[in-house]
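What the coordinates show
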Amino acid sequence: MFKFEKFNASNIIDAPAVERVVEFSPSGMDAADVANVLSLAVDGKVISAEAGDGYADVAGRVNFRLVYVDREGAVRGKDYNADFNKKVEGEFTAADSVTAEVSVVETDVATGDMLTLSAVVSVRTGAVQRTETEALVDAEKCYKTAGTVMLPSLVAVKSVSVPVSEEVEVGDVENVLLADAQASVTDATVQNGKVTVQATVFATVTYAEGGEVKSASMEIPFTEEVLADGAEEGDTAYANASVRFSKIVLSGVQGANVIRFEGEVALRVGVVRCRESEIVSDMFMLTNEIEIQRQSRRFVYCGGIKYVSERISGTASLGDRPAADFVAAVPYARCYVAKAEITDGGALVEGVLNADVVYRDENGLNSVRAEVPYSLEIEGDFGDAVKAVCVVESVSAKARRGSEIDVDATVGILLTCYRTAQAEYISAVEVGAEKEQNTSALSLYIASEGDEMWDVCKALTATPEEVMKQNPALTTPLNAGDRVIYFRSLSVS
């Protein structure tokens, strides 16, 4: 009599970001040999993420890259890794496939009795939970109205690795000090059975040449077609990219070296479909009372991505230190997102740009960390919520008179929008006692403001056809006080 159908849907859950301090003291390195720290480049990445009931276990790695001047006056570069674990509480289940992101919030280096590198990392976790919803789609011997529910579902998730490379001609390289690289997706388009992803790697290689510190920047765009079974045109894609590992290869001849950057980018692509399904939204029986159980569920799903480039500029103060003669290099720069939220006209993204600026003053090589706060308003439709990831596309610095250095950067912001779908449906029906038949020959219904034909029929226990037959001029929605008269043909026993 009652037909129910099961619908599959997906819902995104996120746990609040948590922070953790990671420290590392390299063995075998004399802290006294570090005369001056020029740059501490720090990146975090996820090694694994596993879900339990009510929590997620995240294993991560922090990569410390130190550039310093030793006590002999030579510029050195060191690379260290430190692993960590973090338990994140959230509405997870053991069956969830958890994703996690690690970003670096603060960094520091201490050179007391021993060298200590430290970083504060922010760990964000989330999951797409697949759910099953059973809703009433048809009912016999009932008068019913049809409705629709919007149910988002995850069609496909795919991870691939993409090799990238680029080279640039430089002078006579004494040694490579630091290689810094970031990657970002700039677009993702769904076609039948695949997603075409466009992305770019932004790399900076800092090296020593003739006693000076210099840097070379590379921009490496690439396009990758990712197979995604079940994907169809009209679906929505989301994607993210990260540099899994990289290395530098030196070649060329003396005085004309070639720096070659080789790396591997990890792409994670998802495809989402939000479909409209027809259900029974309301019903009644002429003969029996019925009890209806309703369910209301809220689903969060990915509504697409948008990439924009913005300019950020600011000033770093040297305080009471000697003025900078000139800027040698900017070996490391990161753009940290502190807040991303929906506004009336689009999205507001706020955060801080951190950049290590190496310069030369009257005492030789020195450095300062520039911290440039930013607040960017980006126009567009970003749904009900938005997340932002920021990469530094390019950065430059220039010494001014006095004790200030101007920093100018172009940053790329990948915005992922999230939408919500509210599903209201009938989840159960129970047939009750027979209705007491109305034995009056005449019934009068007095409408409330906005009443529809459905309200009239339920009140009079009559079909829409019967009501309209006797009230041919009736139009809906009704106004307050409108009257509907209904005559019954009564049988005499």
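Up top is the structure these notes are about.
Residues numbered from 1 in each chain as written. Predicted model: local features only at pLDDT ≥ 70, side-chain atom pairs only at ≥ 80, totals over all residues. Heavy atoms only, no water.

Considerations on the overall build of the protein
The test is simple: A run of H or I in DSSP counts as a helix once it spans at least four residues, and a run of E counts as a strand once it spans at least two, with each numbered from the N terminus. Atoms counted for the radius of gyration: C-alpha only. Globule rule: 2.2 Å times the number of residues to the power 0.38. Burial status follows relative accessibility: with a 1.4 Å probe on protein chains alone, a residue under 20% of its type maximum counts as buried, one over 50% as exposed, and anything between as partly exposed. In what follows, a contact means two residues having at least one pair of non-hydrogen atoms within 4.5 Å. Note on areas: these come from Shrake-Rupley sampling with a 1.4 Å probe, and a residue is covered only by the protein chains present in the view.
Across its full length, the protein carries two helices and 20 strands. Whereas a compact globule of 493 residues would reach a radius of gyration of roughly 23 Å, the protein reaches 32 Å, over 25% beyond that. Over its C-alpha atoms, taken along the principal directions, the protein stretches across nearly 115 × 45 × 45 Å. Per-residue burial over the protein gives 45% buried out of 493 residues. Contacts in the protein between residues far apart in sequence, at least 24 positions, make up 77% of those at least 6 positions apart. As displayed, the protein has an accessible area near 24,700 Å², and 43% of this comes from carbon and sulfur atoms.

Considering the side chain of Asn354
Tracing the backbone through its elements, the reader meets Asn354 in strand β15 (residues 346-361). Contacts of Asn354, omitting those with residues within four sequence positions, involve Val105, Tyr332, Ala333, Arg334, Ala370 and Glu371.

Observations concerning the layout of surface pockets
Defined as follows: With a 1 Å grid spanning the protein atoms alone, the term cavity applies to any set of points in which a 1.4 Å probe fits but cannot get out, the term pocket to an open set with protein on both sides within 12 Å along at least five of seven lines, and the term lining residue to any residue with an atom within 4 Å of a point. Grid points are joined across faces, edges and corners, and a volume is the space filled by probe spheres set on the points. Charged means Asp, Glu, Lys or Arg here, nonpolar means Ala, Val, Leu, Ile, Met, Phe, Trp, Tyr, Cys or Pro, and polar covers whatever is left, Gly included.
Here the second largest pocket defines a volume of roughly 290 Å³. Elements with a minimum of two residues in the lining of the second largest pocket: β8 (175-191), β9 (194-209), β10 (212-227), β14 (326-342) and β17 (385-399). The leading source of residues in the lining of the second largest pocket is β14, at eight residues. Of the residues in the lining of the second largest pocket, the class split is 14 nonpolar, six polar and three charged.

Some thoughts on the nonpolar core
Counted only if it meets this: Among buried residues, those of type Ala, Val, Leu, Ile, Met, Phe, Trp, Tyr and Cys that are joined through side-chain atoms within 4.5 Å constitute a nonpolar core.
Counting 47 residues, the largest nonpolar core has Val185, Val195, Val197, Val201, Phe222 and Phe261 as the members making the most contacts within it. Counting residues per element, the ones that place at least two in this core are β7 (143-169), β8, β9, β10, β11 (236-253), β12 (256-284), β13 (288-317) and β18 (404-434). With eight residues, the top contributor of residues to this core is β9. Beyond its immediate stretch of four places on either side in the chain, Val197 contacts Val185, Asp187, Ala188, Phe222, Thr223, Glu224, Val226, Leu267 and Val269. Of all hydrophobic cores here, the second largest spans 34 residues; its members include Ala347, Val407, Ala409 and Ile413.

So, the sheet that holds strand β5 (residues 98-111)
This is how it is decided: Only strands joined by at least two bridges in the DSSP assignment are considered to pair. To obtain an axis, a line is fitted to C-alpha atoms, over the contacting stretch when the element is a helix, and the angle between two such axes runs from 0 to 180 degrees between their N-to-C directions.
Spatial ordering of the open sheet is given by β1-β6-β5, a layout of three strands whose pairing is antiparallel. Since the sheet does not close on itself, it has two edges, and those belong to β1 (2-24) and β5, each with one partner. Averaged over all neighbouring strand pairs, the angle between strand axes comes to 10 degrees, with direction disregarded.

What to know about the pattern of salt bridges
Keep this limit in mind: Here, a salt bridge means any side-chain nitrogen of Lys or Arg that lies within 4 Å of a carboxyl oxygen of Asp or Glu.
Applying the stated rule across the entire model yields 29 salt bridges. The salt bridge involving Asp180 is made with Arg334; its shortest N-O contact spans 2.7 Å. Residue Asp180 is found in strand β8, and its partner Arg334 is found in strand β14; the two are separated by 154 residues along the sequence. Accessibility assignment for this pair places Asp180 and Arg334 in one class, buried. Each member of the salt-bridge network shares a partner with another, and the members are Asp43, Arg65, Asp180 and Arg334.

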